[in-house]
Amino acid sequence: MSYFITNDYGKNQYEKVGEIRTQSTLHPAFIGLIFLSFCMIFIILSLWNIDNTINPKNNTYVFYLKSKRSLLHTVSNKFLSFGLDTSLLRDIKNLPIKNNKFINLVQYLAPAYIRIGGTSADCLYFNQTIRIISEKVINPVDGQDITNFTINEKDFENLYNFSIKSKLRMIFDLNVLIRNINGSWDDINAKNIISFAKNKNMKIDWQLGNEPNSFHHVFNINITAIQLAYDYHQLRQLLNEIGYSKSLLVGPEVNHVGDTNHMGEHYAKTFLKNDKNSINYVTWHQYYFNGKEAQLIDFINISNFNYLPKQIKSMQEAIQSSGKIIPMWL
């Protein structure tokens, strides 16, 4: 069977086209029917247009942007910043912070703060020469590695150089779980880090601890908001003495904001009431839902994402009720 269709028309048949057209004259009744059809279509379209004019189904909104009006607010050029989780420092040798290709990619996120912090920040020791712990410790709640570990001077310097080459400003989260017998914060290890950074003329901002209101179920340790406020004051004095009086100190880095018991807000409020003007910004972590239990539908459910404004408002109210006038970082 051939897939090509042969044209059976000869040249002489195309010569009869004019004759065919002459013979196919339309009947007057058929012309009238066509005219009547056009009239009906016109009437239907007219009625549809009137209905849409009276009851418009689509609203049109026009916005005029007046460039001459004063701005409502100007954000920092580091408004969109990001973090590098401290857990990655457990295997810092395989972290590509000295890789030029990686640095070039990160530069596209600048200017920004890069926060070196997270759960493992409260497991990190600096230049610890003695063995910290004998076996690996896993958090039974979420399976995180909460074993104490050490970074050395070269590791810290590589982290800082990475941030500088990437045109970023580093915020380093210090370990708040190194405690004295009386429950106060042992600042010796932090002092070693800060002194080393100052001797290298590093420009860094600082934090102390990560999500302290959740320590009880992560580390089975409790640090009250009042105690943490004293710890922050201790750190602020230490920074001022060593030469970081102009560096930012941010905290308390709470979570569980907007929950039914408002645990994060209560902790932050108590912290601020007892804070002696140590911090520059109130910081907190926001979660729409538990990622370990989330389903695909949760990520496209609009009601979930309407949760953020409520959380922000709740945290603002907590700050105001503390009596402090201080901006917050999310």
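This structure is a prediction, so every number in the text was calculated from the model and none was measured. Every residue gets a number counted from 1 within its own chain, in the order that chain's sequence is written. Whole-chain, interface and lining totals are the exception, using all residues; otherwise, since this is a predicted model, local features are given only for residues with pLDDT of at least 70 and side-chain atom pairs are given and counted only at 80 or more. For the side-chain quantities, the full set of heavy atoms in the structure was used; hydrogens and water were omitted.

1. Observations regarding the confidence of the model for the protein
Confidence scores labelled pLDDT are given residue by residue by the predictor and lie between 0 and 100. Of the residues in the protein, 81% reach a pLDDT of 70 or more, and the chain-wide mean stands at 86. Residues are treated as being in contact if the distance between any of their heavy atoms lies within 4.5 Å. A low-confidence stretch, residues 1-24 (pLDDT under 50), is modelled with 3 contacts involving residues beyond four sequence positions or located in other chains.

2. Here's the deal with the pattern of salt bridges
Close approach of charged atoms allows side chains of opposite charge to pair. Salt bridge, as used here, is a side-chain nitrogen of Lys or Arg placed within 4 Å of a carboxyl oxygen of Asp or Glu. Counted according to the given criterion, the structure contains 6 salt bridges. Between glutamate 253 and arginine 115 there is a salt bridge, with its nearest N and O atoms 3.6 Å apart. In this pair, glutamate 253 is assigned in strand E7 (residues 249-254) and arginine 115 in strand E2 (residues 112-117), connecting sequence segments 138 residues apart. Summarising the burial analysis for this pair, glutamate 253 and arginine 115 share the class buried. The partner of aspartate 231 in a salt bridge is arginine 179, with the nearest N and O atoms 2.9 Å apart. Put simply, DSSP H or I for four residues or longer makes a helix, DSSP E for two residues or longer makes a strand, and each gets a number counted from the N terminus. Only protein chains enter the calculation, and the probe is 1.4 Å; a residue is then buried if its accessible area is under 20% of its type maximum, exposed if over 50%, and partly exposed in between.

3. Examining the environment of serine 76
Mapped onto the elements, serine 76 comes out in the loop between helix H3 (28-54) and strand E1 (82-85). Looking at serine 76, the relative accessible area reads 42%, which means it is partly exposed. Sequence separation of serine 76 and proline 111 is 35 residues, and the distance between their C-alpha atoms is 9.6 Å. Pairs of N or O atoms within 3.5 Å make up the polar contacts considered here, provided that, within protein, one atom can donate a hydrogen while the other can accept it, and that residues adjacent in sequence are counted only when both atoms are side-chain atoms. Within the local environment of serine 76, its side chain forms a polar contact with the backbone nitrogen of lysine 78, the two atoms lying 2.9 Å apart.

4. Digging into helix H9 (residues 263-274)
A rise of 1.5 Å per residue sets the reference length of H9, with its 12 residues, at 16 Å; its end C-alpha atoms lie 17 Å apart and thus fit the reference within 8%. Every buried residue of H9 is accounted for by Gly264, Glu265, Tyr267, Ala268, Phe271 and Leu272. Angularly, the buried residues of H9 cover 165° about the axis, an arc narrow enough to put them on a single face. On the buried face of H9, the contacting elements are helix H8 (225-242), E7, strand E8 (281-284) and helix H11 (307-321). The span one expects for a helix is its residue count, reduced by one, times 1.5 Å. The arc under discussion is defined with respect to the helix axis, by the directions toward the C-beta atoms.

5. Notes on a nonpolar patch on the surface
Judged by side-chain polarity, Val75, Phe79 and Leu80 come together as a nonpolar surface patch covering roughly 350 Å² of accessible area. Looking at where leucine 80 falls in the secondary structure, it is placed in the loop between H3 and E1. Nonpolar side chains (Val, Leu, Ile, Met, Phe, Trp, Tyr) are joined into patches within 5 Å and like charges within 9 Å, using only residues with over 30% relative accessible area and no salt bridge. Calculation of accessible area relied on Shrake-Rupley with a 1.4 Å probe; when residues are assessed, cover is drawn exclusively from the protein chains displayed.

6. Topic: the packing of H9 against H11
Running from N to C, H9 and H11 point in directions that differ by 25°, and their axes come no closer than 8 Å. Here H9 is positioned roughly parallel relative to H11, judged by the angle of their axes. Along this stretch, H9 crosses H11, giving a crossing that reads as right-handed. Contacts from Glu265, Ala268, Lys269, Leu272 and Lys273 in H9 reach Ser314, Met315, Ala318, Ile319 and Ser321 in H11. Residue composition of the contact of H9 with H11, by class: 5 nonpolar, 2 polar and 3 charged. For helices, the fitted line uses only the C-alpha atoms of the stretch in contact; every axis is such a line through C-alpha atoms, and the angle between N-to-C directions lies from 0 to 180 degrees. For classification, angles of less than 35 degrees are called roughly parallel, those exceeding 145 degrees roughly antiparallel, those between 65 and 115 degrees roughly perpendicular, and all remaining angles oblique. A clockwise turn of the near helix away from the far one marks a right-handed crossing, whereas an anticlockwise turn of less than a right angle marks a left-handed crossing. All residues other than Ala, Val, Leu, Ile, Met, Phe, Trp, Tyr, Cys, Pro, Asp, Glu, Lys and Arg, Gly among them, are scored as polar; the first ten of these are nonpolar and the last four charged.

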